[in-house]
Every structure is written in C-alpha cells, then in structure tokens.
Amino acid sequence: MAKSCILSEEMVTTQIVSRLPPKSLMRFKCVCKLWYKVIGSPSFLTMHLSNSMHNKFSSFISIVFKRTILKDNNLTEEEIYHVLRDSSDRKQVLLSLLNLCNNTVGDGPHLQSVVEDFTVPPPMGLAFTLQIVGHCDGIICLSTHAGSDRAALCNPSIKEFKFLPKSCLIHPPNVAYVYHVGFGYDSKAKDYKLVRIALSISYGEHPTRGEIYSLGSNSWREIKTDFRTRVYSTPGSGLYFKGNYYWYAFKQEEPEYHKEFILSFDMSDELFHHTSVPDSFHVTDGCYRSLVVLRESIALLSYEAGYGVPKTFEVWGTEGFGAGKDVWTKYVTIGPLEGIEIPLVFWKSDELLVVTNNASAVSYNLCTQTSKYLPINGAEASDIKAVVYVNSIVSVNRRQ
C-alpha cells in the first residue's frame, strides 16, 4: 500500500505557494485571513521575489512595453496625423506585459500567452510624453516630459498604481527647470527610492538641485548636488542596475565640444559618481547613445540619429564597470538594418528588442541575423519603450 504524503504548512508556503504567479496569489489572499496574512508578510514577499528573479525552472522572460495607442481604430490617415501631433484624448497610454520563451531551441522567441494590458490612469495616461524612467523588483516608475515634476509608481502584475506627492523643491520665480528621474532599491534601508535632478534651462546661471522620494515614508527631501552637467533625454539614456541608477550625460566645455560620461547615483549612499566613456564618444556626430545591460554589466549602444536611416548599432562594454579603470572595447557591430528605428533592450545576450519604422516591436537575433515580429505596436515608433520585467507582488502602496 502506498504511503500518503503529508506536506507541512512551511513546505507548502516555501516550495509551492511562493512560486505561484502574482495573479494567483492575489486570488488566494481572498480565501481566508490566514492566507491574507501569510502572502502579505515581509518574509513571503522576499521569498516570492527571490523565486521570481532566480527561478531556474522558468523558461520565460517577461517584458513590459510602454506604448501609446489610438482609441479609435477607424480614423483616416489624415485624422491619425492630426491626432499624433496634439495631446488629444483620443490617445491612450498602455503598459503591456508579454512573456517570451527563453530556451535555446528553435528559430526565435516564442509567445506563451496574449499581451496583458494595464491602462495608465489619467492625467498621466493621456500624456504622450510619459516615459518609463526606472524599474526594480516589479515596480515601474513613470514620469512625464522633462519639464514636469509629475511621477508615479505602478506594479502591472497586481494592477497597482500610485501618484507620488508633489516636489519638495521651491524654485526661484521665473526660472524654468527640466527634471531627470531615477528609480531603484536601497538595500541598506530596504526601501525603494526615486531620485530627481532639477536642472535650470538657463545653463550655469542657477545651481543643480536634487531630491529623494522614499516609498517607506511617502515623502520627498532635498539632497545636495555639486555638479553642473546635462543629462540626455534620448531613448534609453537612463536605467537602474544593481543598486545604482545611471544616466548618459555630458558637460559642455566648449561651444562645439561636449564631454560625455555616465552619471550614476548610489541608492544606498545617496552619492553621485562619474564614469568615463570611449574617447570616440566625445564628439557631436549625430549619434544617439543608449545604456543597456549586457553580460551582467552596463554597456553602451551607439547608433545614428534620423528617421528612416538604415541603422548600424555598436555595442561597447568594459570589464569591472565603474571601478575607475574603465577600458572600453567594442563588443559587436549590428547592421546596417533597414526599417529599424530604435533599439530597446537586450532580453537575452543574443536577442535585441528593436522598434521598426512602422511602430512594431521586433526581436532581432545577433547570431542568426533574423527578426521575429512581436504582437506589440503603437501610434509612433519613438513612443514604444521596453524593460525586462520581474513579476512580483511588491506593493507600491506599502509603508515601512
């Protein structure tokens, strides 16, 4: 006679429940008070997040796309042209979750399921300039155009959204500022933070100012900044990686010469640092620079500006990034590729997500030099953004 196997409550929690997707866990929280307490506990949140980030049994990688769509699909070409040129309420911002197969067998990425859309609520959901400015542990940070200090946090997996309080900075009258935002995790304080740099448009006349938002306290506080640099606002010019947020920045030393570098912010120490870039980048050559994560390190991706131009992508990397001895080497040259407009993110070491001229998302394989279209499209090519995403149940409404 076969013996019955009785699993302990701890075994059920650690080995089974903590590996379930967020959607299932949100349903289980409604079963009884015990499950609600267990799933909402800090220890379970940490366990589930760790399993989501390091689950070797999963062959799928999740990607979140930010895109703007037209609410009315029956518009004429002339009507579409006018809608795209203004901030009409006939446009809508979506965060779209897509799962891609990560196995090495086959001829490209395979889809597990249909796209899951999360609608960004108004007024941010109506802003064509809305951008993903950071993501960490399943939380995505959103901000509107550089001239606005509006920001929000959301977790698409559990459909949570949180508008952040207003800035704590009081600026001099009649002085316009642009804002650059970074979001990440402070492992020492065990808290999520958003750093915001305020740069006056009249370069050099007013000091750079900075502030920090803490999710635990749900408040802002000012921090000191001692640099006068400019941060690029091009696609992919900022990202979070392993406790630091990085921006591609420059300092104008002469009228026709920009010294470029990578500006970083340590979320725990709350200090800014500068990292050099390849010498060939210190010129104004009509190229865009994009920061990407490749081979478990920060890498640089350079490509030509201009719509409709065949794109050639150069990927640069350095061993021991940020250690003070940054010797950059060119990893690979991709292209020229016809019909490609903007690079997005490496979701595998040999798979680069890109956007086509007609605003469709494509996964390009560096080894086979083949492309596979994904079920993602938008109103404009320059509007689609993407991040490699961790499905989590970390709440944006939590307090310490």
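See the structure above.
These remarks concern the structure in this document. This one's a predicted model, so the numbers in the text were calculated from it and none came from an experiment.

When you go through the protein residue by residue, the secondary structure sums to five helices and 25 strands. Long-range contacts, defined as pairs at least 24 residues apart, comprise 54% of the intrachain contacts of the protein with a sequence gap of at least 6. With the model as given, the accessible surface of the protein reaches about 20,100 Å², and the carbon-plus-sulfur share is 53%.

Relative to the elements of secondary structure, D191 occurs in strand 9 (residues 191–200). One polar contact links the side chain of D191 to the main-chain amide nitrogen of G216, over a distance of 3.0 Å.

With 34 residues, the main nonpolar core has L153, L194, W247, L263 and F272 as its most contacted residues. With five residues, the single largest contributor to this core is strand 9. Look past the residues within four positions of F272 in its chain and what remains in contact with it is V195, I197, I223, K224, T225, F227, W247, L263, S264 and F265. Counting residues in each nonpolar core, the second largest holds 17 residues, with I61, F65, V345 and A381 among its members.

With that settled, consider unusual backbone geometry. With omega at 10°, the peptide bond leading from G335 into P336 counts as cis. One can find P336 in strand 20 (residues 328–337). In the Ramachandran plot, N218 falls in the positive-phi region, its phi being about 55° despite a non-glycine side chain. Tracing the backbone through its elements, the reader meets N218 in the loop between strand 10 (209–214) and strand 11 (219–223). For E270, which is not a glycine, the phi torsion comes out positive at approximately 60°.

This paragraph deals with the sheet that holds strand 18 (residues 297–304). Spatial ordering of the open sheet is given by 17-18-19-20, a layout of four strands whose pairing is antiparallel. The strands lining the two open edges of the sheet, one partner per strand, are strand 17 (287–294) and strand 20. Between one strand axis and the next, the sheet turns through 25° on average, direction left out of account.

Quick look at the sheet that holds strand 24 (residues 370–377) now. Two modes of strand pairing occur in sheets, parallel and antiparallel, and in both the strands are linked by backbone hydrogen bonds. If you walk across this open sheet you meet the four strands as 21-22-23-24, and the pairing is antiparallel. Single-partner strands in this sheet number two, and they are strand 21 (340–348) and strand 24. Between one strand axis and the next, the sheet turns by 30° as a mean value, whatever way the strands run. In the sheet, strand 21 pairs with strand 22 (residues 351–356) via six bridges, with the strands oriented antiparallel. Across the sheet, residue I340 finds its bridge partner in strand 22, namely T356.

We now examine the pairing of strand 11. Here five bridges tie strand 10 to strand 11, and the two strands are oriented antiparallel to one another. Its bridge partner lying in strand 11, I212 is registered against R221. With antiparallel pairing between neighbouring strands as the criterion, strand 10 and strand 11 make up a hairpin whose turn holds four residues, including N218 at a positive phi of roughly 55°.

Another aspect to go through is the packing of aromatic side chains. Using the criterion set out here, one finds nine aromatic pairs in the structure. Seen in terms of ring centroids, Y185 and Y192 are 4.7 Å apart; in terms of plane orientation they differ by 50°. Their pairing is tilted. Directly above the aromatic system of Y331 lies the positively charged group of R295, at a separation of 3.9 Å from the ring centroid.

Let us look at the state of the cysteines. Counted under the stated rule, the structure contains zero disulfides. Free cysteine C154: the closest other cysteine sulfur is in C141, separated by 8.8 Å.

With that out of the way, let us pick up the pairing of strand 8 (residues 177–186). In terms of residue burial, strand 8 counts as a mostly covered element, since nine of its 10 residues are buried. Two strands pair when backbone bridges link them, and strand 8 and strand 9 are joined in this way by 10 bridges, in the antiparallel orientation. Counted as the bridge partner of Y177 is S200 from strand 9.

Counted under the stated rule, the structure contains 13 salt bridges. A salt bridge links R209 to E222; the nearest nitrogen and oxygen atoms lie 3.2 Å apart. Pair noted here: R209 is in strand 10 and E222 is in strand 11, with a separation of 13 residues, a long-range link. Residue R209 is classed as buried on the basis of its relative accessible area, which comes to 16%. Looking at E222, the relative accessible area reads 44%, which means it is partly exposed. For K330, the salt bridge is made with E314, and the minimal N-O distance between the two is 3.3 Å. Of this pair, K330 sits in strand 20 while E314 sits in strand 19 (residues 311–318); the two residues are 16 residues apart in sequence, bridging distant segments of the chain. Judged by relative accessible area, K330 falls into the partly exposed class, the value being 41%. Overall, E314 belongs to the partly exposed group, its relative accessible area being 25%. Connected via shared salt-bridge partners are D186, K193, R221 and E270.

Reading the values: rules and limits
Residues numbered from 1 in each chain as written. Predicted model: local features only at pLDDT ≥ 70, side-chain atom pairs only at ≥ 80, totals over all residues. Heavy atoms only, no water. Helix = DSSP H or I, 4+ residues; strand = E, 2+ residues; numbered from the N terminus. Contact = heavy atoms within 4.5 Å. Areas by Shrake-Rupley, 256 points an atom, 1.4 Å probe, with all protein chains shown as cover. Polar contact = N/O pair within 3.5 Å; in protein donor to acceptor, adjacent residues only side chain to side chain. Core = buried A, V, L, I, M, F, W, Y, C linked by side-chain atoms within 4.5 Å. Buried < 20%, exposed > 50% of the residue type's maximum accessible area, 1.4 Å probe, protein only. Pairing = 2+ DSSP bridges. Axes fitted to C-alpha atoms, helices over the stretch in contact; angles between N-to-C directions. Phe/Tyr/Trp six-rings, centres within 6.5 Å; stacked < 30°, edge-to-face > 60°. Lys NZ or Arg CZ within 6 Å of the ring centre and 35° of its normal. Disulfide = S-S within 2.5 Å. Salt bridge = Lys/Arg side-chain N within 4 Å of Asp/Glu carboxyl O.

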